[in-house]
Amino acid sequence: MGRPGYVTVPILSVLAAIGYVYYTAVFLAIPAWLGLTTAAGLANAAAFTALAAACVATYAVAVLRDPGRVPASFVPDVEDAGSPLHEIKRKGGDLRYCQKCSHYKPPRAHHCRVCKRCVLRMDHHCIWINNCVGHGNYKIFLIFVLYAVIACLYSMVLIIGGAMHLPKDEQLGSDSPRTSIIVCGVLLCPLALALMVLLGWHVYLILHNKTTIEYHEGVRAMWLAEKAGNLYHHPYNLGVYENLISVLGPNMFCWLCPISRNIGSGVRFRTSYDIPLSKAPM
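Conventions and cut-offs
Residues numbered from 1 in each chain as written. Predicted model: local features only at pLDDT ≥ 70, side-chain atom pairs only at ≥ 80, totals over all residues. Heavy atoms only, no water. Helix = DSSP H or I, 4+ residues; strand = E, 2+ residues; numbered from the N terminus. Buried < 20%, exposed > 50% of the residue type's maximum accessible area, 1.4 Å probe, protein only. Contact = heavy atoms within 4.5 Å. Areas by Shrake-Rupley, 256 points an atom, 1.4 Å probe, with all protein chains shown as cover. UniProt positions renumbered as here; feature names shortened; annotations may be inferred. Axes fitted to C-alpha atoms, helices over the stretch in contact; angles between N-to-C directions. Parallel < 35°, antiparallel > 145°, perpendicular 65-115°, else oblique. Left-handed = near helix turned anticlockwise from the far one by under 90°. Nonpolar A, V, L, I, M, F, W, Y, C, P; charged D, E, K, R; others polar. Core = buried A, V, L, I, M, F, W, Y, C linked by side-chain atoms within 4.5 Å. Phe/Tyr/Trp six-rings, centres within 6.5 Å; stacked < 30°, edge-to-face > 60°. Salt bridge = Lys/Arg side-chain N within 4 Å of Asp/Glu carboxyl O.

Colleague: For the overall build of the chain, give the residues involved together with the corresponding values.
Modeller: Across its full length, the chain carries 6 helices and 6 strands. When the elements of the chain are put in sequence order from the N terminus, they spell out α-α-β-β-β-β-β-β-α-α-α-α. Of all 282 residues assigned to the chain, the portion counted as buried reaches 41%. In the chain, of all internal contacts separated by at least 6 residues, the share reaching a separation of at least 24 is 63%. Accessible surface computed for the chain: about 15600 Å², of which carbon and sulfur atoms make up 67%.

Right under this line is the structure:
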């Protein structure tokens, strides 16, 4: 497993997959179905090229952007009235302190064993970008997955159309368009399914203002609370709309814009204790 910031085999695999799908869709499927010299063919080739470029660009940013580094000066202030919630260790009840990084952990931060440092609002470490997905690159990671899902569905339509319009008497061979189109279609089916599941999972997490780590921690916390006869409530769940703007930003028109950045410092997050009880999520 490569160090963050280095090009690894999974990264090369993703880029190779994008290149192969792009070549098959634009230079094999579209010519067979619509023809590259027609207005419809040129329009679809241009649209798919723009979508593929957006996928590569957002993927590169997700790979290269720092997921969020804990400031060296960070020290939790337990007397700060503006921070009513402080995360503590399950054992002992002390403030969360990273022995490996030698500093306190802000809320929602976790230590990544691969990156060998703490990451702000860490969701998970992704081998496909050789980087953590955290506060700094979560939004661009989500946008990349969304673009990738759209590109997969679009390319499947083009490939199915191209396969249906290939000459009936064409022989199958390693260099024939039919073989490339069929292979690409077979590869796209599980890829599209996996990406759609991943996108659906992160949409669920955003709507509840959770990370993947917090989801699994919440399952355990809910079990312990029910065992003690109590109710568990995720403290960062502010309601659907507030959850969306806390992750994607206050401007709805920039939610899916790849150039807009995440909001906040990643050191402090709003909680359900910050809003009036009458507006608190059920």
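Colleague: Kindly report on the UniProt feature "transmembrane region" (unreviewed entry) in the chain, identifying the contributing residues and their values.
Modeller: This chain's UniProt record puts "transmembrane region" (unreviewed entry) on residues 12–36, 42–64, 140–160 and 180–207. Between the C-alpha atoms that bound residues 180–207 there is a distance of 40 Å. The span itself is 100% helix and 0% strand.

Colleague: Pulling in residues and values, what's your account of the packing of helix 2 (residues 39–64) against helix 3 (residues 138–164)?
Modeller: Running from N to C, helix 2 and helix 3 cross one another at 150 degrees; their axes reach a closest spacing of 9 Å. Classified by the angle between their axes, helix 2 and helix 3 sit roughly antiparallel to one another. Crossing angle aside, the handedness with which helix 2 passes helix 3 is left-handed. Between helix 2 and helix 3, the residues in contact are N44, A47, F48, L51, A54, C55, T58, Y59, V61 and A62 and I140, F141, I143, F144, Y147, A148, I150, A151, Y154, S155 and L158, respectively. Across the contact of helix 2 with helix 3, the residue classes tally to 18 nonpolar, 3 polar and no charged.

Colleague: Pulling in residues and values, what's your account of the nonpolar core?
Modeller: In terms of nonpolar packing, the biggest core is built from 39 residues, with Y59, I129, I206 and L248 touching the most fellow members. The set of elements that each furnish at least two residues to this core consists of helix 1 (9–33), helix 2, helix 3, helix 4 (177–207) and helix 6 (240–248). At 10 residues, helix 3 tops the list of elements feeding residues into this core. F74, A109, L120 and V267 belong to the second-largest nonpolar core, a separate cluster that totals 7 residues.

Colleague: Let's hear about the packing of aromatic side chains: which residues, and what values?
Modeller: Taken as a whole, this structure holds 10 aromatic pairs when the rule is applied. Their ring planes at 45 degrees and their centres at 5.1 Å tell us that Y59 and F144 sit as a pair that is tilted. Here F144 lies in helix 3 and Y59 lies in helix 2, a separation of 85 residues in the sequence. Judged by relative accessible area, which is 3%, Y59 ranks as buried.

Colleague: Explain the pattern of salt bridges to me, using residue names and the numbers behind them.
Modeller: As a working rule, side chains carrying opposite charge can pair if their charged atoms are close by. One pass over the structure, following the stated rule, counts 4 salt bridges. E214 serves as the salt-bridge partner of R108, at 2.7 Å between the closest nitrogen and oxygen. One end of the pair, R108, is in the loop between strand 2 (103–104) and strand 3 (110–112); the other, E214, is in helix 5 (residues 212–227), and 106 residues separate them in sequence. Under the relative-accessibility criterion, R108 is labelled buried at 2%.

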